Amino acid sequence: MNEPQRVGFLLVDNFTMISLASAIEPLRMANQLSGRALYEWVMLSESGQPVRASDGMTVTPDHGIHDAGHLDMMLLCGGVGVANARSRSLRAWLQQLAHRKVKLGALCTGSYLLADAGVLDGYRCTLHWEYMAAFKEAFPRLETSNALYCIDRDRLTSSGGTVPMDMMLHLIEKEHSSALSTAICDMFLCERIRDGQEEQKVLLRHLVGPAQPKLAEVVALMEANLEEPITLDELAHYVGLSRRQVERLFQRHVKCSPSRYYLNLRLKRARQLLRQTSLSIIDIATACGFVSTPHFSKCYRECFGVPPRDDRLRNGTTASHGMAPPASELSLNLSSARNEPTFASVTL
């Protein structure tokens, strides 16, 4: 029997408890449903001393970082004021883990400390939207994404909240089976496993900071006019800028043209409607400002890599909005060519 994968959770002061629980619980349920120890985990702090979460609860870790022993994966749990946890000792330890090829990840704002140690260089990463502008300012060369979570080779970063559950379910599916991850999802009454390509819903001011009010005005106009898009000249006129000034603002702060940003807003709204409603594709195209269904389908496929009809089928958008089948149904389909184990009885 294979040894369980050993996961370390490094807690720093003011870490977010909901993110920690969302990452651990899928591992616990994976063990319980499979009837064997697929994962084991340890709580760590830099000094080995108790750590206080942002909700006031105190957690006593199992070890300090230098007594952690063997780890297959280490997830750094951040939260409020994460920059205060920087230290030479922590930076060196993270670099040692990276050198030993340990999988490294972060929850909520933990990506800041991984970036500070230089172990995110060359990797795509994300973190909670509230810290995004400061993070980009501190680490401008990193490939920062607004995605819910990023799994890039041996780096796993999550935006926080309940999103670590989606990230861990994705990892469990990759390492074991989709049947297991779906059964875990069902046990936690989770309607679906969110895709890592989905983005955090973030106000632009949190991405670029408060110093660009004109840019925020333009985006607000775009968001309020998705069904009947406004021309770039009209947008510029409404905010008191020239067309060229608006284009320069977008290129400098958003790294794309205004028309591309506007199109992406409309396509993201279309994807929400496609996955969350039973509206026809024609009606969705119209509601998102597309003059024809073929043009909508072409733009959708170019953006998301799949035609809208296929995306709807893949995500099972029906009257039940894509909810996973109950565990009792899943258990009937586990004897596949891969010889999946029968799931054991469970206790939540």
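Values in this document were obtained by computation on a predicted structure and should not be read as measured data.

Draft legend 1. Inspection of helix α10 (residues 243–253) at higher detail. Among all positions of α10, only Val246, Leu249 and Phe250 are buried. The buried residues of α10 occupy an angular sector of 95 degrees when the element is viewed end-on, so they sit on one face. Packing partners of the buried residues in α10 comprise α8 (213–224), α9 (232–239) and α11 (258–276). Backbone geometry just downstream of α10 places lysine 255 in the positive-phi region, at approximately 65 degrees.

Draft legend 2. Layout of the pairing of strand β6 (residues 73–77). Taken across its 5 residues, β6 has 5 buried, putting it largely inside the fold. The side-chain alternation of β6 yields two buried faces, one formed by Met73, Leu75 and Cys77 and the other by Met74 and Leu76. Summarising the sheet, β6 and strand β7 (residues 103–107) pair through 5 bridges and their orientation is parallel. Its bridge partner lying in β7, leucine 75 is registered against glycine 105. With helix α2 (residues 88–99) bridging β6 and the parallel β7, this β-α-β connection has right-handed handedness.

Draft legend 3. Main features of the packing of aromatic side chains. Evaluated as defined, the whole model comprises 7 aromatic pairs. Ring geometry for tyrosine 112 and tyrosine 131: centres 5.7 Å apart, planes at 85 degrees, overall edge-to-face. Note that tyrosine 112 is positioned in helix α3 (residues 111–116) and tyrosine 131 in the loop between β8 (124–125) and α4 (132–138), a separation of 19 residues in sequence. Across the pair, exposure class does not vary: tyrosine 112 and tyrosine 131 are buried alike. Relative to phenylalanine 296, the ring of phenylalanine 290 has its centre 5.1 Å away and its plane inclined at 55 degrees; by these criteria the two rings are tilted. Given the relative accessible area of 0%, phenylalanine 296 is considered buried. Ring pairs connect the aromatic residues Tyr112, Tyr131, Phe135 and Phe139, which therefore count as one cluster.

Draft legend 4. Structural context of the pattern of salt bridges. Under the counting rule described, the total for this entry stands at 13 salt bridges. The salt bridge partner of aspartate 152 is arginine 153, with a shortest N-O separation of 2.9 Å. The buried category is assigned to aspartate 152, whose relative accessible area is 18%. The class of arginine 153 is exposed, set by a relative accessible area of 55%. One network of salt bridges, in which partners are shared, links Asp233, Arg243, Arg244 and Glu247.

Draft legend 5. Representation of α11 in the model. End to end, α11 covers 27 Å across 19 residues, agreeing with the expected 27 Å (1.5 Å per residue, within 8%). Taken residue by residue, α11 has Pro258, Tyr261, Tyr262, Leu263, Leu265, Arg266, Leu267, Ala270, Arg271, Leu273, Leu274 and Arg275 as its buried positions.

Draft legend 6. Quick look at the nonpolar core. Counting 38 residues, the largest nonpolar core has Phe9, Leu11, Phe15, Leu20, Met168 and Ile184 as the members making the most contacts within it. The greatest single-element share of this core, amounting to 8 residues, is contributed by helix α1 (residues 17–34). Once residues lying within four places of it in the same chain are set aside, the contact partners of methionine 168 are Ala23, Pro26, Leu27, Met73 and Leu75.

The rules behind each value
In every chain, residue numbers begin from 1 and rise along the written sequence. Reporting in this predicted model follows two pLDDT cut-offs: at least 70 for local features of residues, and 80 or more for side-chain atom pairs to be given and counted; totals over whole chains, interfaces and linings ignore these cut-offs and use all residues. To obtain the side-chain values, all non-hydrogen atoms of the structure were used and water was disregarded. Relative accessible area decides the class of each residue, using a 1.4 Å probe on protein chains only: under 20% of the type maximum gives buried, over 50% gives exposed, and in between gives partly exposed. We count a stretch as a helix when DSSP gives it H or I for four or more residues in a row; a strand needs E for two or more, and each element gets its number in order from the N terminus. Note: the arc covers the axis-to-C-beta directions of the helix. Here, two residues are considered to be in contact whenever any of their heavy atoms come within 4.5 Å of each other. By this definition, two strands are paired if DSSP reports at least two bridges between them. With the strands pointing away from the viewer, any crossover whose connection runs clockwise from the first strand over the helix to the second is right-handed. Stacked, edge-to-face and tilted labels apply to pairs of Phe, Tyr and Trp rings (six-membered ring for Trp) whose centres lie within 6.5 Å, assigned for plane angles under 30 degrees, over 60, and everything in between, in that order. A pair is scored as a salt bridge if a Lys or Arg side-chain nitrogen falls within 4 Å of a carboxyl oxygen belonging to Asp or Glu. A helix is expected to span 1.5 Å for every residue after the first. What we call a nonpolar core is a set of buried Ala, Val, Leu, Ile, Met, Phe, Trp, Tyr and Cys residues that are connected through their side-chain atoms within 4.5 Å.

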